[in-house]
Structures are given as structure tokens and as C-alpha cells.
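# An overview of the molecular structure
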Protein chains: 2
Amino acid sequence: MARSMHVRRPATLASLAAELGVSRTTVSNAYNRPDQLSPELRRRVLDTARRLGYPGPDPVARSLRTRKAGAVGLLLTENLSYAFRDPAAIGFLEGLALACEDAGTGLLLVPANPEREDVASVHRAGVDGFVVYSVPDDDPHLAAVLERPVPTVVCDQPDLGTVDRVGIDDRGAMYELARHLIGLGHRRIGVVCMRLARDRNDGFVTPDRQHAAHFHVQRNRLSGLAEAFSEAGVDWSQVPVAERFDHNMASGASGAAQVLDRDPGITALICTSDVLALGAMNEAARRGLRVPHDISVTGFDGIRAGEEAGLTTVRQPVLEKGRAAGKLLLDANERTRPRSVNLATELIIGKTSAGPRGGAEERWFGP
Amino acid sequence: MARSMHVRRPATLASLAAELGVSRTTVSNAYNRPDQLSPELRRRVLDTARRLGYPGPDPVARSLRTRKAGAVGLLLTENLSYAFRDPAAIGFLEGLALACEDAGTGLLLVPANPEREDVASVHRAGVDGFVVYSVPDDDPHLAAVLERPVPTVVCDQPDLGTVDRVGIDDRGAMYELARHLIGLGHRRIGVVCMRLARDRNDGFVTPDRQHAAHFHVQRNRLSGLAEAFSEAGVDWSQVPVAERFDHNMASGASGAAQVLDRDPGITALICTSDVLALGAMNEAARRGLRVPHDISVTGFDGIRAGEEAGLTTVRQPVLEKGRAAGKLLLDANERTRPRSVNLATELIIGKTSAGPRGGAEERWFGP
DNA sequence: TGAAAGGACCGTAACGGTTCAGAACCAATT
DNA sequence: AATTGGTTCTGAACCGTTACGGTCCTTTCA
């Protein structure tokens, strides 16, 4: 009702002051510093405000003057809705939201369509800082963020040296997982990984592409695998690595299928995420392969659904990652150098990994 | 590096214009309307900007001038992180995020701690509109939103008549579900519902409290149940209704326990959400009750986990709800009257509901 | 050759606040 | 009577931009 009554010029702090015959300062104080004026006058100001339909100081104008937006921006280069499909991303969001809430700060999800090169949304975002979560390191949106004169925290990204960073030791964690499989006797393996760059490549990964991957996380996980298996005498360049652009169980299944078609003799299928691993297990089942009897399957992340399936994986503290990113950003004072936080991971030995059945022999004669 | 070089007064559009010897308008045009100046000058402007470390027009100042924030606010009165735990809320968020993304608009999660009555965060939010999702109808944050002179869409809230609304027919859907159970022969039932008001009440619900519930959704679902069962001759005031403040499986379990302790003879346990229902099923199992052989259990929402469990429930299009809310908000033009959208629901008969075993007799003699 | 058209750029006036250094006033202290 | 201290309110500067309505100069065309 009040909404439709004052169709004329909306009231402003100035017009309210004029109406009351006081200064703008006084009206401002009525809202922001009640102790700066007498209670009676304050009441009169607030009453008149209500009568005139003045909704209180304009947030944008206030932000301009105070140089505080009261919000942090989150950049994730994906269809924004992707974040709400991926369990790990949801965990990260939750942690970040917690940190923001504690600080009474808003969280602005910045739309950054990876298809378009349109970085205007980054320029338009009125925020006090940015969190950048798992975008390719050559992403133009990331570049745009870095040019904004506000503190920034990158997460699951390479250390840029200039801004704060939160992450885990993807390489080391995957190395450890690989050591587990190697210890079990696996030498003939296949890999399914997430997208390595901005272009879609649903197929095998060349060594070049692997090396030049623009997604820090994937690059490091693969590199951890390569190191461990090379040390164990496996020729990494011969290991089939299937890449999938979309991150869902269907991709895991089709990636597993592609790898198994290429080399039906593999004894372990290593996936760079739990979601992919769960899909891979479906595909294994479809082919009549028993896990882990006929083939071992491993994941990465430690999501709930994987846990329920008894998946062997690396658990990473996704919620803590979000929270740490938020905290880092929100207390970004003038320190000497950017901070870099590595959170601990944990290798979870589930029931999807075991020694290779027919492989005992090969261990002695194989490559 | 560039980040730390210009510690002096940061460059502004005006200082850049002064440096170049052109007007501020021209610099502005260089960024916003390339066709309004010659390519050479534009290049010169942009180059000088880079040299001076000018990051482009300030988003807040621009917002003030253009009266566009490029973002919509989302209010959900809960620990903000709750939204990322509840599958239905996640679906809603995803839909809303999709709509925002399509429009190139940001989505600002407004921190609204239900504990504090602090509505400052609502006042501080620089947004072009609000979406309010499932908050109690007497929530001060909601009141604060309604006083802001921006378009608003409420979702899962009563129709205020003054702003757009998106929802489902909670009452009718639950009525239909109740009819299903009644048709199976159930007369002795128990209910577990989500919080009905802002105060914590983990216990049975009085008829008064039920009637005065401040959560529109819960009020209507209960009312649908009451109507159906009253029609079937059940004295609704005697039906045990356990309320739980927290919305998780543990609450479902403890609510179920409370109801079953009160009346071990119930043949059906109706929960107002799938999450609660899944918890209730755990409790039933703990007590050695087979579902649906010994007791029927029903939910509401149609979440994935419920589907996998074969839960009898009402499926509601949560993603569509979010998307619809976003669309409504983003094309809020000057229309005659506020719009109200009801989305369709679907009764899902799963394998958690069946006829009561020992109840056939009671149907004839019972109340 | 004169008029009309069009491109390139500019000056001014908002946009709606916050902040800080005082001014004005009054009561209490020296 | 002069000084001090406290409360209450004011004036003016400033935050960084874009909208609006020009001006000026060069072309184009009859």
C-alpha cells in the first residue's frame, strides 16, 4: 500500500531534512548515530520518514561514501548453477557462507558464463573483495578480478604470489593414493579426469595437454599419479587418461567405458573426483566387473555418497576450505606478503580397492 | 605488483580525464560507449588508464548514478549455511541462480541471522530487488525488505497481495497425500513437522500453535492433513504432532520417536518433509518396525535421497520455483497488480506406504 | 556556395549519502 | 564574571560516476 502511494519523487535524506527543517547531518545521525541527537528529535525524524515513505539511507549511496559494500564476491566460472550440483562445491559454498555470516557480510554470486568472454559482470560487482574458486588459470574473469583494487583470495588455484590462496596438496594427496594402489600391486591402470582446459575435450588426454592443463587441481592430481607410477616403473605415457568436460556421474561412466575399451586389462581405475568414480563404478557393474574383485576404483573429495558406497578416496575438508577463504578475505589487512594456506587431506581406504586378481604374475614379468 | 605500485591516491575517472586533457564524459564513453569517440582516442584513454592503474569505472558510483545494482538479494532467515544443507533449498537456489545467470545479474545472499533482530543487513544490501524464501511471516527481516522500494518476490510465503509470489498448493497437496493414506485404511496416525514459529519448540504441538503457525508452508501442510483426516472421522486434536526446530534427519528420528512413544499403535507417520521422513524411517528401523509392513512413512518435497529410498511423498518442482521467482523479479515491470504463481505438485506413491496390518479391525470400531 | 547532417567531444548537474570541524546554547565550576 | 565542559545541531566538502543537452567542426549534397 505505502508502496504505491508515493509515486511522485521518492523521498531522500535531503528532502526529509528540508521537510523537518533540520540539516541532512541530523537525519543521517538519526539512522546511524542515535546518540548524536536528542531522543525527541530522533523520534520526530523517524516518524516523518515513515509518513513520507522514506525507506532509510540508500545503500548504494552509502557504499559510495563509506567505500564499503558490505559484500564479498564469489567467482566460479561455470554455469552458476553448477555450484549447486557438485557436492564439493556446495560444501565450499557452505563454508564460505558461514564465514560471511559471522562477519555480517553478504555473499554475491557473480555470474561468469565461461562461454562468453564477457567480464562486465566482474566490473559491475560492488564488493569489498573476491573469492575465486577453481577456475582455469587463463580465465579472463580471473584476470578481471585481479585488476580490481580489492583483496582477493583464490581457492584451488595456483599460488599467484600476489593474492591470498587456500588449497590442499592435490599432488601429494594423489601421490599417496597412487602409492596405496601400487602397494596393492596395481601396475596396469586407467584414469578418468575432469576437464583440463576451457575447451571441450571428451576423449583421451595427450601428455602435452596434461602438462599444459589450465585447471590447477586436475593438473596436480595427474602429476601426483604420474610421479608415483613412474617411480613404480610404469610408463605413464602409455596410461590411458580419459578427460570429461562435464562433471557428473554420466561422465564418470562414459570415461570409464572409454578407458576400459582401450585396455580391458586394467586392474585399477583412478578417478580425479568421487562423482566421476561413482559413475565409473556404475559402468563397471554394467560390464559385469565386480569392484574391487575384478577392478579397483578410486575417487577424490570424500563426498557423502562416496562414503556410503565405501569408496577409496582422498577426503578433503571442503567446508573448511570455504570458511578459510572467507576468513582470509575478511581480515585482509595490510600485511607484508600474501598468505597461502594448505589444508590437510586424509587418505580413505574404502572397500573399492584391493589387490589385482590376475595381476600377481604380471607384477614379476610386466613392465 | 601493479597492485602495490600506486599506493597514492587511486586514479579516478576524473583524474584520468585530467591527465589526458579530455572531459570525464569522454573517459566514461571510452568504457561504456565505444561508438561515441574515435578509436584512436579510445585506445589512448585505455592505455593511459592501464599506465595509471585505473581499474575502470567504480561499480558503486556507477550504481548510484544509474540506479541499477545489477544484483538481486536473496533473503532466507536461517543460518545462511542452512540453505546449503537442505536439498530442497539447494534446488531452489539452483533455479534462482539459473534465472539470474540468464539475465547476467548477480545473486546476493543476504545474511539474516534469525537469532538477532538485526535487520541492518537488509538495509545495507545494494540490490535491484529481493527474493524472500520461506521465512516466518512475522520475521523482521521480511518487514525490512517490504519497506525497501524495490520489487520483491516471496516464495513459500503467504500471498501478501502487494508483491509477487511463487509457491505451490501445500494444503491441497498434503490433503491429497492424506487421502491416499486414508484410502489405504489409516486412521491412527502421527505427524512430524518442521518448526512452526521462530521460537524453538521441540515437542508436541498444541492446536493453538498449529493454527497460529508463522511458517506458511508448515501451517498449510498441517491444515491439509487436518481437513482430510477430520473428514474421515479422525479427531485431529488427538493426533500427535511433533515439532522440530532443526531440519535434518536426526530431528526426523527424534520426532518419530516422540510420536511413537506417545502412541505405539499408529499405523502411519506423516512427515512434512522428506528429510524428516528419512530420519523417521531410521527410527522405525531402530525399533524393529518394518516399513511399510508395520508402519507407513511419508514425506514431502521429492528429494533425490527420498526417491532412492522409495519414499511416498509429494514431489514439488523446487528448481522451477527458484527459476520462476527469479524470472518474476527480473521482469518486474509496471503491471496492474502483483502476480501469484502456483506450480504443480505430484503425489508419488512409493513403497513406504501400504495398508495398515493390524488396523483392519480398528477401522470398524476405532474412533 | 549555402544549408543540412553527422561525428566527436564537452560542461553541468545530479545521484544520495557520510563526515568532520565547528557553532550555538546551557549548566556547572572556579 | 569568566572559564570549562557537554550536548545538540549545522555547513560544506567529498565519494566517483553517468545523463542530458549542448557546441564545434568537418562533410555532403543540391
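What you are looking at is a predicted structure, and each value in this text was computed from that prediction instead of being measured.

## Some remarks on the overall build of chain A
The secondary structure content of chain A amounts to 16 helices and twelve strands. In terms of overall size, chain A is more extended than a compact globule, its C-alpha atoms giving a radius of gyration of 27 Å where 367 residues would be expected to give roughly 21 Å. Taking the principal axes of the C-alpha coordinates as reference, chain A spans close to 95 × 45 × 35 Å. Taken over 367 residues, chain A has a buried fraction of 53%. Summarising the internal contacts of chain A: among those between residues at least 6 apart in sequence, 71% fall at separations of at least 24. Accessible surface, chain A: about 16,400 Å² in total, of which carbon and sulfur atoms supply 50%. Placing the 45 positive and 46 negative side-chain charges of chain A at their respective mean positions leaves the two points 7 Å apart.

## Observations regarding the sheet that holds strand β5 (residues 164-168) of chain B
Two modes of strand pairing occur in sheets, parallel and antiparallel, and in both the strands are linked by backbone hydrogen bonds. With mixed pairing, twelve strands are arranged side by side in an open sheet as β11(A)-β5(A)-β4(A)-β3(A)-β1(A)-β2(A)-β2(B)-β1(B)-β3(B)-β4(B)-β5(B)-β11(B). This sheet does not close on itself; its edge strands, each paired only once, are β11 (340-343) of chain A together with β11 (340-343) of chain B. Recorded for the sheet is a direction-independent mean angle of 20 degrees between the axes of neighbouring strands.

## Details of the sheet that holds strand β8 (residues 268-271) of chain B
Residue and element names in this part refer to chain B. Pairing in this open sheet of four strands is parallel, and the strands run β7-β6-β8-β9 from one edge to the other. A strand with exactly one partner marks an edge of an open sheet, and here the two such strands are β7 (241-244) and β9 (296-298). With direction set aside, neighbouring strand axes in the sheet form an average angle of 15 degrees. Pairing geometry for strand β6 (residues 189-194) and β7, over four bridges, is parallel. Paired with Val191 across the bridge in β7 is Val241. Contacting β6, β7 and β8, helix α11 (residues 216-231) runs over the sheet at an angle of about 165 degrees to β6.

## Regarding the pairing of β5(B)
Residues and elements named next belong to chain B. β5 sits mainly inside the fold: five of its five residues count as buried. Here β5 shows two buried faces, one formed by Asp164, Val166 and Ile168 and the other by Arg165 and Gly167. Bridge count for strand β4 (residues 152-155) against β5 is three bridges, and the pairing is parallel. Directly across from Val153, in β5, lies its bridge partner Asp164. Alignment of β5 against β11, held across four bridges, turns out to be parallel. Bridge pairing in β11 links Arg165 to Ser340.

## Brief notes about the environment of A:Asp102
Along the chain, the position of A:Asp102 falls in helix α6 (residues 87-103). For A:Asp102 and A:Arg221, which are 119 residues apart along the polypeptide, the C-alpha to C-alpha distance reads 33 Å.

## Concerning the interface of chain A and chain B
Across the contact, 48 residues belong to chain A and 47 residues belong to chain B. Carbon and sulfur atoms make up 59% of the area that chain A and chain B hide from each other, which totals about 4,000 Å². On inspection of chain A and its partner chain B, the count reaches six salt bridges. Note that B:Arg50 and A:Glu147 form a salt bridge whose closest N and O atoms lie 3.7 Å from each other. At the junction of chain A and chain B, the tally comes to six residue pairs in polar contact (both at pLDDT 80 or more). Listing elements by their share of the side of chain A that touches chain B, those giving two or more residues are α5 (59-66), α6, β2 (106-110), α7 (120-124) and α8 (140-147) of chain A. Looking at which element gives the most residues to the side of chain A that touches chain B, the answer is α6(A), with six residues. Along the lines of polarity and charge, the residues of the side of chain A that touches chain B split into 25 nonpolar, eleven polar and twelve charged. The pairing of β2(A) with strand β2 (residues 106-110) of chain B spans three bridges and is antiparallel.

## Considering the relation of the copies chain A and chain B
Aligned on chain B, chain A shows an RMSD of 0.1 Å; the corresponding rotation is 180 degrees and the shift along the axis is 0.1 Å. Both chain copies can therefore be described as sitting about a two-fold axis. Residue A:Leu108, judged by its C-alpha, is the member of chain A lying nearest the rotation axis, at 2.1 Å. When the interface residues of chain A are mapped onto chain B, 98% of them are again interface residues, pointing to one common binding face.

## Thoughts on the domain arrangement of chain A
What the domain assignment lists for chain A is domain 1 (2-66), domain 2 (71-167 + 318-342) and domain 3 (170-316 + 347-365). A C-alpha centroid distance of 35 Å is found between domain 1 of chain A and domain 2 of chain A.

Scoring rules and cut-offs
- Residues numbered from 1 in each chain as written.
- Chains lettered and ligands numbered in written order.
- Predicted model: local features only at pLDDT ≥ 70, side-chain atom pairs only at ≥ 80, totals over all residues.
- Heavy atoms only, no water.
- Helix = DSSP H or I, 4+ residues; strand = E, 2+ residues; numbered from the N terminus.
- Rg over C-alpha atoms; globule rule 2.2 N^0.38 Å.
- Buried < 20%, exposed > 50% of the residue type's maximum accessible area, 1.4 Å probe, protein only.
- Contact = heavy atoms within 4.5 Å.
- Areas by Shrake-Rupley, 256 points an atom, 1.4 Å probe, with all protein chains shown as cover.
- Lys, Arg positive; Asp, Glu negative; His and termini not counted.
- Charge placed at Lys NZ, Arg CZ, Asp CG, Glu CD.
- Pairing = 2+ DSSP bridges.
- Axes fitted to C-alpha atoms, helices over the stretch in contact; angles between N-to-C directions.
- Buried area = accessible area lost by both parts, 1.4 Å probe.
- Salt bridge = Lys/Arg side-chain N within 4 Å of Asp/Glu carboxyl O.
- Polar contact = N/O pair within 3.5 Å; in protein donor to acceptor, adjacent residues only side chain to side chain.
- Nonpolar A, V, L, I, M, F, W, Y, C, P; charged D, E, K, R; others polar.
- Least-squares fit on C-alpha atoms with pLDDT ≥ 70 in both.
- Domains from an automatic or database assignment.

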